[in-house]
Amino acid sequence: ERMFFWNLDVAVVDSAKELVAMIKSIPPWTTTSESETTVADNSPTVGPDRSKLMDFKDQLRLSEQEKVEASKTFEAQRNALQMSSFETYNQLESSVSSRV
């Protein structure tokens, strides 16, 4: 198992202390590109990816609204069906009682 990961160029360590030491030995990551900027709220940089993200968020919001509306409609239809079945049952019960 270890050899499999070793062949994939994955670091294999025996203990947590070794892992921590290896991670601390890695130099901090720095960018040289001016186009790579970080945003405080962890949102992606401006550009086409941000545009797609905003579109997906809008689609998600609309889908959630549709879900809420559909569940309200479903609940109203369910309640109407229950009332109808209750009334039909009462009519059937009264009809059977009158014949007996």
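See the structure printed just above.
What counts and how
Residues numbered from 1 in each chain as written. Predicted model: local features only at pLDDT ≥ 70, side-chain atom pairs only at ≥ 80, totals over all residues. Heavy atoms only, no water. Helix = DSSP H or I, 4+ residues; strand = E, 2+ residues; numbered from the N terminus. Areas by Shrake-Rupley, 256 points an atom, 1.4 Å probe, with all protein chains shown as cover. Patch = residues over 30% accessible without salt bridge, like charges linked within 9 Å, V, L, I, M, F, W, Y side chains within 5 Å. Salt bridge = Lys/Arg side-chain N within 4 Å of Asp/Glu carboxyl O.

A. Examining the overall build of the protein more closely. Looking only at helices and strands, one finds 3 helices and 0 strands in the protein. Counting helices and strands in the order they occur from the N terminus, the protein gives α-α-α. Element-wise, carbon and sulfur atoms account for 59% of the exposed surface of the protein, whose accessible area totals about 9700 Å².

B. Representation of a nonpolar patch on the surface. Among the surface-exposed residues, Phe4, Phe5, Leu8 and Val10 lie close enough to one another that they form a single nonpolar patch of about 380 Å² accessible area. The residue Val10 is located in the loop between helix H1 (2-7) and helix H2 (16-25) in this model.

C. Structural detail: the pattern of salt bridges. All told, the structure shown has 2 salt bridges when counted by the stated rule. As a salt-bridge pair, Asp58 and Arg61 come within 3.6 Å of each other at their nearest N and O atoms. Here the residue Asp58 and the residue Arg61 both occupy positions in helix H3 (residues 48-99), the gap between them amounting to 3 residues, near one helical turn. The shortest N-O distance in the salt bridge between Glu75 and Arg78 comes to 3.1 Å. One end of the pair is Glu75 and the other is Arg78, both in helix H3 and 3 residues apart, which spans about a single turn.

All we've got here are geometric facts, nothing functional implied.
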